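Each chain is listed here by its residues.
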Amino acid sequence: MTLYPKLITDALATVRYPGNGKNLIEAEMMEDDLRIDGMKVSFSLIFEKSTDPFMKSVLKAAEAAIHTYVDKAVEVEIKVKTRQALRPEPGKMLPQVKNVIAVSSGKGGVGKSTVSANLAVALAAEGYKVGLLDADIFGPSVPKMFHLEAQQIFAEMVDGRQLLIPAEKYGIEILSIGFFVNPDTATLWRGGMASNALKQLIADTKWGALDYLILDTPPGTSDIHLTLLQNLAITGAVIVSTPQNVALADARKGIDMYRNEKVNVPILGLVENMAWFTPAELPEARYYLFGREGVKRLAEEMQVPLLGQIPIVQSICESGDEGEPIAVHADSPVGNAFRQLARAVAAETERRNEQLPPTSIVEMNK
């Protein structure tokens, strides 16, 4: 049998692209590079972006159409091209971001997101350019903390790529999966789906030139942490814990994860949250509800800095619920504590950058 171009294009005209209902020829998805060599055929199909959800099924259907309408013996090679520029490779996704800081906790309920949000606000108040990425895919809380539950996120074409535009508040660029999902519905995703969503939030977003990108990571250790470590060169980690022994035990696991020889992310220091309770009517009093200076002792044991101790007061909860982080009010005792924390994080980051080489992404053996 002799092959010629019209046989191939007629076969491809039987394949419809699910995104618009047009066949591959009508949709102008076939590149002008068709090559025929005996019973070998090669050509390219053009998709809008590399993450096209219909790509695999269309490629299979195109090959099947040629075997069905031309000849089963045809050897088919289909190359993929995209109209949208490719996503940067891991480790090079955020070229304009100087420092990526992961805020982590060994367990939930220790106020990690509160610390992340207020640290970002405090760093911005200190004059730094700051971004905040809510990487807690299954429990995003940043939209509520900044009163951005109804925020709509748009995209624009930048250098051939469709990029998300972060929200902005208190001078911070903010992005969360919470902007894209129903806040009243559980996010029932498998690990792969969650990791892919996180990659999009990182790489397919128009992050500006930032001094700090704060990552509000999920509690514990999970696929999400691995995705972050495989795609971002994290400058350092800030571990949040309460003084309780059960929290401290989990904080050790968090420290161990970052210190693992395959990960090797420096620990900038520890934050003791809910360090003591101070009632409004007794501003000088301190009640140690969860134990006293447990995180301070852990910091000494692990030989890392204690970056700050944040008291628990009613105004922190109220500010978070009302969408105004307490760090906005520098004149309050807790607001001042977060400002001091921001200065400590900045100082430790500067020291880390002077003394240590840049962090490398985690390479996983397949």
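Above this text sits the structure in question.
Residues numbered from 1 in each chain as written. Predicted model: local features only at pLDDT ≥ 70, side-chain atom pairs only at ≥ 80, totals over all residues. Heavy atoms only, no water.

(A) A look at the nonpolar core. In this structure, F146, I214 and Y258 are the most contacted members of the largest nonpolar core, which totals 84 residues. The element best represented in this core is helix α3 (residues 112–125), accounting for eight residues. F146 has contacts with A117, V121, L132, K169, Y170, I172, I174, G323 and P325, leaving out every residue within four places of it along the chain. Core analysis: the next-biggest nonpolar cluster, separate from the first, contains 24 residues, Y17, M29, F43 and V70 among them. (Core = buried A, V, L, I, M, F, W, Y, C linked by side-chain atoms within 4.5 Å. Buried < 20%, exposed > 50% of the residue type's maximum accessible area, 1.4 Å probe, protein only. Helix = DSSP H or I, 4+ residues; strand = E, 2+ residues; numbered from the N terminus. Contact = heavy atoms within 4.5 Å.)

(B) Examining the pattern of salt bridges more closely. As enumerated under the stated definition, the model contains 12 salt bridges in all. A salt bridge links R343 to E126, with the nearest nitrogen and oxygen atoms 3.3 Å apart. A residue pair is termed long-range when its members are at least 10 positions apart, and R343 in helix α10 (residues 333–355) and E126 in the loop between α3 and β5 (130–134) qualify at 217 residues. A residue is classified by how much of its surface remains accessible, and R343, at 43% relative accessible area, is partly exposed. Since its relative accessible area comes to 31%, E126 is described here as partly exposed. (Salt bridge = Lys/Arg side-chain N within 4 Å of Asp/Glu carboxyl O.)

(C) Focus on the layout of surface pockets. If you add up the space inside the largest pocket, you get close to 510 Å³. In terms of lining, the largest pocket is formed by 24 residues, of which the most central are T278, P311, V313, P333 and V334. Considering every element that reaches the lining of the largest pocket, the biggest residue donor is α10, with five residues. When the residues that make up the lining of the largest pocket are grouped by side-chain class, the tally is 13 nonpolar, eight polar and three charged. By volume, the second largest pocket is sized at about 310 Å³. What lines the second largest pocket is a set of 17 residues, and nearest its centre among them are K49, T51, Q162, Q200 and D204. Those elements giving two or more residues to the lining of the second largest pocket turn out to be β7 (161–164) and α5 (191–203). Its residues assigned to classes, the lining of the second largest pocket comprises seven nonpolar, six polar and four charged. (1 Å grid on protein atoms, 1.4 Å probe; cavity = no way out; pocket = protein on both sides within 12 Å on 5 of 7 lines; lining within 4 Å. Points joined across faces, edges and corners; volume = space filled by probe spheres on them. Nonpolar A, V, L, I, M, F, W, Y, C, P; charged D, E, K, R; others polar.)

(D) Expanded view of unusual backbone geometry. At Y170, a position not held by glycine, the phi torsion is positive, near 55°. In this structure, Y170 sits in the loop between β8 (167–169) and β9 (172–176).

(E) Just the packing of aromatic side chains, in detail. Summed over all chains, the structure comprises five aromatic pairs. A centroid spacing of 5.6 Å and a plane angle of 90° characterise the contact between Y17 and F54, whose relative ring orientation is edge-to-face. With Y17 in the loop between α1 (5–12) and β1 (35–37) and F54 in the loop between β2 (40–47) and α2 (55–69), this pair connects stretches of sequence that are 37 residues apart. Relative to Y170, the ring of F146 has its centre 6.1 Å away and its plane inclined at 50°; by these criteria the two rings are tilted. (Phe/Tyr/Trp six-rings, centres within 6.5 Å; stacked < 30°, edge-to-face > 60°.)

(F) Summary view of the sheet that holds strand β3 (residues 75–82). Strand order across the open sheet formed by three strands is β1-β2-β3, with mixed pairing between neighbours. With partners counted over all chains shown, the strands left at the sheet margins are β1 and β3, one partner each. Each neighbouring strand pair of the sheet contributes to a mean axis angle of 20°, computed without reference to strand direction. As defined by bridge partners, β1 adjoins β2 across three bridges and the pair is classed as antiparallel. Within β2, the position partnered with R35 by the bridge is S42. The strands touched by α2 within the sheet are β2 and β3, with β3 carrying the most contacts at an inclination of about 150°. (Pairing = 2+ DSSP bridges. Axes fitted to C-alpha atoms, helices over the stretch in contact; angles between N-to-C directions.)

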